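Structural description and commentary
What follows is the residue order along each chain.
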Amino acid sequence: MKYFKGGIHPRDKKDCRFDKIQTIPLPKRIFLPLRQHTGSQAVPLVKAGDLVAVGQMVASASGFISANIHSPVSGKVVSIEKILHPCGFGVDTIVIDSDGKHDTTQFQSVSPEDLSIEQLLDTIKNAGITGLGGGCFPTHVKLSPPKEKKVESMILNGCECEPYLSCDHRVMLEEPKKVLEGLRIMMKVLAVNNAFIAVEDNKKDAIEVLRKSLGTDKDIIVVKLRTRYPQGAEKQLIKTISGREVPSGGLPVDAGFVVHNVQTAVAVGDAVYRGKPLYERVVTVAGCVRNPGNYRVLIGTPISDVIAACGGIFGEVKKIVLGGPMMGVGIHSLDVPVVKGVSGILVLGNATAKTYEPSSCIRCGRCVSVCPMGLVPMMLSRLAEKGMGGELKDYSIFDCIECGCCAYECPAKINLVQNIKTGKFLAKRHPIKSQVKNKGL
Ligand code: SF4
Ligand code: SF4
């Protein structure tokens with residue numbers, strides 16, 4: 001193994017890893033934002049007053065990089081209006097009242113052997129599948145690399161390296177056959193003969209279950225990786241498994257790989273074998289909730305309903321994060337819905353979500369030594385504070401994966417990631433790359 005440079009070892013706090021997946025009760029009302037994937041917003045196919053069935057497509061992809069959206073409930077469309085999205089802005093959203101039934105008998109399954117690669121891709125696209133690891137990139141796009149790029153192998157990402165999260169772990173333990181079904185379909189679409197399932201060594205039981213499910217099959221290798229954050233980031237995963245570097249500004253396919261998440265594989269298997277579009281996912285709910293655990297949640301369920309179904313909040317809450325604590329997004333209202341990319345709901349109390357007053361940089365270099373992308377975070381942060389967008393490009397700001405290792409390690413508690421995010425915005429507005437290096441900063 002060629003381990004990636006940098007990284008950190010935060011306490012994993014994966015106390016929910018032993019909790020079997022439970023199902024959140026059917027919500028009375030669901031909210032389906034038309035933007036819950038990378039790319040252009042979907043276009044609604046329904047209007048207020050329409051009756052919809054479970055799994056019915058209610059919004060269609062608008063362009064190649066976009067994704068269909070399906071109703072997770074049967075019921076009546078109440079409205080299409082701007083509703084607060086987890087990103088913090090109002091987004092056009094289809095609001096549906098559930099009729100309390102959940103009839104899924106209309107789904108039609110097919111055997112992947114009967115379908116061509118084009119038909120499989122169409123099935124995946126029609127099912128509205130996006131990356132469920134948090135990236136939300138439409139899966140059919142990732143499965144359609146440019147003709148001139150050669151895909152040699154696929155990596156199924158079961159690392160789940162963020163603290164607290166254990167939903168992927170439970171899916172691998174409880175649904176290994178579905179994981180493998182989906183992986184084999186994706187291998188067929190990509191025309192690759194081999195694949196890796198990458199799992200960190202803090203999930204030895206999942207490694208064992210997957211290897212057992214594979215039996216004597218040799219085309220898929222379950223790789224046990226040393227636990228280290230951000231092992232699950234695509235570029236770091238490729239480096240560890242193959243020793244290859246994804247070039248700056250490049251994609252995994254430039255190193256010969258395509259990477260997908262384990263829950264995405266399950267969604268692909270569900271779409272093909274069971275005719276079921278993506279309208280639910282497994283989410284870890286942890287922190288100050290009475291019944292933390294791993295829950296199957298319908299897309300569009302308000303966070304408040306999920307928390308209520310988990311017994312409600314206790315204690316004083318400082319912050320609620322969607323996703324993991326390192327790369328997740330803080331929300332300011334419990335009214336926002338679960339969208340396809342939400343892997344965790346973390347209710348963090350005062351002791352966990354401490355805030356610090358930043359002090360001056362002491363030039364200790366710790367941020368540099370932990371950066372998995374080989375960047376100089378302190379310099380990126382200073383350039384961003386000074387508004388030097390052109391120089392930020394010289395320091396490869398767009399290579400930053402916003403993993404948060406630098407901020408985690410910084411003894412001065414400088415808001416490095418926040419500053420770098422601002423810096424990316426500034427750099428985008430500077431089309432000409434500066435030739436001036438280090439202006440006495
Ligand atoms: S957030 Fe960006 S700069 Fe900081 S450690 Fe991660 S990749 Fe490096
Ligand atoms: S870790 Fe913090 S204090 Fe140390 S060099 Fe980086 S920014 Fe400065």
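Criteria and cut-off values
- For every chain, the first residue of its written sequence is number 1, and the numbers climb from 1 along that sequence.
- The lettering of chains begins at A and the numbering of ligands begins at 1, in the order of writing.
- With pLDDT at 70 or above as the cut-off, local features in this predicted model cover only qualifying residues; side-chain atom pairs require 80 or more to be listed or tallied, and sums for whole chains, interfaces and linings still use all residues.
- Hydrogens and waters are ignored; side-chain quantities use all the structure's heavy atoms.
- The numbering of helices and of strands both runs from the N terminus, where a helix is a DSSP run of H or I of at least 4 residues and a strand a run of E of at least 2.
- For this measure, only C-alpha atoms enter the radius of gyration; the expected value for a globule follows 2.2 Å times N^0.38, where N is the number of residues.
- Exposure classes here rest on a 1.4 Å probe applied to the protein chains alone. A residue is buried below 20% of its type maximum, exposed above 50%, and partly exposed in between.
- The contact definition used throughout considers only heavy atoms, calling two residues in contact when any of these lie within 4.5 Å.
- What sets the accessible areas is the Shrake-Rupley method with a 1.4 Å probe; for residues, cover comes only from the shown protein chains.
- Counting rule applied: Lys, Arg positive; Asp, Glu negative; His and chain ends not counted.
- Charged groups are reduced to one reference atom each: NZ for lysine, CZ for arginine, CG for aspartic acid, CD for glutamic acid.
- Neighbouring residues are identified by heavy atoms, a residue being near a molecule or strand if any of them is within 4 Å of it.
- Side-chain classes are defined by residue name, with Ala, Val, Leu, Ile, Met, Phe, Trp, Tyr, Cys and Pro counting as nonpolar, Asp, Glu, Lys and Arg as charged, and the others, Gly among them, as polar.
- Any Lys or Arg side-chain nitrogen located within 4 Å of an Asp or Glu carboxyl oxygen qualifies as a salt bridge.
- Domain delimitation follows an automatic or database domain assignment.
- Buried surface area refers to the total accessible area, computed with a probe of radius 1.4 Å, that the two partners give up upon joining, counted for both partners together.
- Here a pair means two rings of Phe, Tyr or Trp (six-membered ring of Trp) with centres within 6.5 Å. Their orientation is stacked below 30 degrees between planes, edge-to-face above 60, and tilted elsewhere.
- Two limits define a charge over a ring: the Lys NZ or Arg CZ must be within 6 Å of the ring centre, and within 35 degrees of the ring normal.
- Here, a strand pair is defined by DSSP locating no fewer than two bridges between the strands.
- Axis angles are defined between N-to-C directions and span 0 to 180 degrees, where every axis is a line fitted to C-alpha atoms and, for a helix, only to the segment in contact.
- Buried Ala, Val, Leu, Ile, Met, Phe, Trp, Tyr and Cys residues that are joined via side-chain atoms within 4.5 Å together make up what is termed a nonpolar core.
- Per-residue confidence from the predictor is reported as pLDDT, which spans 0 to 100.

1. Quick word on the overall build of the protein chain
Along its length, the protein chain carries 13 helices and 17 strands. Computed over its C-alpha atoms, the radius of gyration of the protein chain comes to 22 Å, within 12% of the 22 Å expected for a compact globule of 441 residues. By principal-axis analysis of the C-alpha atoms, the protein chain measures approximately 65 × 50 × 45 Å. Every one of the 441 residues in the protein chain was classed for burial, and the buried ones make up 55%. A separation of at least 24 residues holds for 74% of the contacts in the protein chain among residues at least 6 apart in sequence. Carbon together with sulfur atoms contributes 53% to the accessible area of the protein chain, which is approximately 19400 Å² in total. Each charge class in the protein chain can be summarised by its mean position, and for the 57 positive and 42 negative side chains these summaries are 5 Å apart.

2. Here's the deal with the site of ligand 1
The environment of ligand 1 is formed by Cys371, Pro372, Met373, Pro377, Cys400, Ile401, Glu402, Cys403, Gly404, Cys405, Cys406 and Ile420. Grouping the constituent residues of the shell around ligand 1 by class yields 10 nonpolar, one polar and one charged.

3. Notes on the site of ligand 2
What surrounds ligand 2 is the set Cys361, Ile362, Arg363, Cys364, Gly365, Cys367, Met378, Cys410, Pro411, Ala412 and Ile414. Residues belonging to the shell around ligand 2 are distributed by class as follows: nine nonpolar, one polar and one charged.

4. Topic: the pattern of salt bridges
Within this structure, the stated rule accounts for 20 salt bridges. Note that Asp97 is salt-bridged to Arg29, the shortest N-O span being 2.6 Å. In this pair, Asp97 is assigned in strand β8 (residues 90-98) and Arg29 in strand β2 (residues 29-33), connecting sequence segments 68 residues apart. The shortest N-O distance in the salt bridge between Arg296 and Glu175 comes to 2.9 Å. You can see Arg296 sitting in strand β14 (residues 293-298) and its partner Glu175 sitting in the loop between α3 (167-174) and α4 (176-190), a full 121 residues away along the chain. Exposure class is identical for Arg296 and Glu175. Each is buried.

5. Re the domain arrangement of the protein chain
Its domain assignment divides the protein chain into domain 1 (107-273) and domain 2 (366-428). Taking only C-alpha atoms into account, the centre of domain 1 sits 30 Å from that of domain 2. Residue-level contacts link seven residues of domain 1 with six residues of domain 2. Between domain 1 and domain 2, the buried area comes to about 500 Å², and carbon and sulfur atoms account for 57% of it. Taken together, the links from domain 1 to domain 2 amount to zero salt bridges.

6. A short note on the packing of aromatic side chains
Under the counting rule described, the total for this entry stands at one aromatic pair. Pairing Phe107 with Tyr279 gives two aromatic rings, centres 6.1 Å apart and planes at 45°, and the pair type is tilted. Taken together, the positions of Phe107 in the loop between β8 and α1 (117-126) and Tyr279 in the loop between α7 (262-273) and β13 (280-287) put the pair 172 residues apart, joining distant regions of the chain. Considered together, Phe107 and Tyr279 belong to a single accessibility category, that of buried residues. The side chain of Lys413 reaches across the aromatic face of Tyr356, ending 5.0 Å from its centre.

7. Brief notes about the sheet that holds strand β9 (residues 153-157)
Strand pairs in the sheet, formed through backbone hydrogen bonds, run parallel or antiparallel to each other. The strand order across the open sheet built from four strands is β11-β10-β9-β12, with neighbouring strands paired in parallel fashion. Pairing within the sheet leaves two strands with one partner each, and these edge strands are β11 (220-225) and β12 (257-261). Going across the sheet, the axis of each strand differs from the next one's by a mean of 25°, ignoring polarity. Relative to β11, strand β10 (residues 195-200) runs parallel, the two being bridged by six bridges.

8. A word on the nonpolar core
Nonpolar side chains in soluble globular proteins tend to be buried together. Core analysis: the largest hydrophobic core is formed by 45 residues, its most contacted members being Ile129, Met154, Leu156, Leu183 and Ile197. Of all the secondary-structure elements, those providing two or more residues to this core are α1, β9, α3, α4, β10, α5 (204-214), β11 and α7. The element contributing the most residues to this core is α4, with eight residues. Setting aside anything within four residues of it in sequence, one finds Ile129 in contact with Ile124, Pro138, Thr139, Thr264, Ala267, Val268, Ala271 and Leu278.

9. Quick notes on the confidence of the model for the protein chain
Confidence along the protein chain averages 94 in pLDDT terms, with 97% of residues attaining 70 or more. In this model residues 435-440 is a low-confidence stretch, pLDDT under 50, and it forms eight contacts with partners more than four residues away in sequence or in other chains.

10. Some thoughts on the pairing of strand β5 (residues 57-60)
Where strand β3 (residues 43-44) lies against β5, two bridges are found, and the strand directions are antiparallel. The residue bridging Val43 from the neighbouring strand is Ser60, located in β5. Inspection of the sheet shows β5 paired to strand β6 (residues 69-70) by two bridges, in the antiparallel sense. Within β6, the residue paired with Ala59 across the bridge is Ile69.

11. Some words on helix α6 (residues 234-242)
With respect to burial, α6 is a largely interior element, seven of its nine residues being buried. Along α6, the residues classified as buried are Lys235, Gln236, Leu237, Ile238, Lys239, Thr240 and Ile241. Structurally, α6 contributes buried residues whose contacts are with β9, β10, β11 and β12. Just past α6, the residue Gly243 takes up positive phi, approximately 80°.

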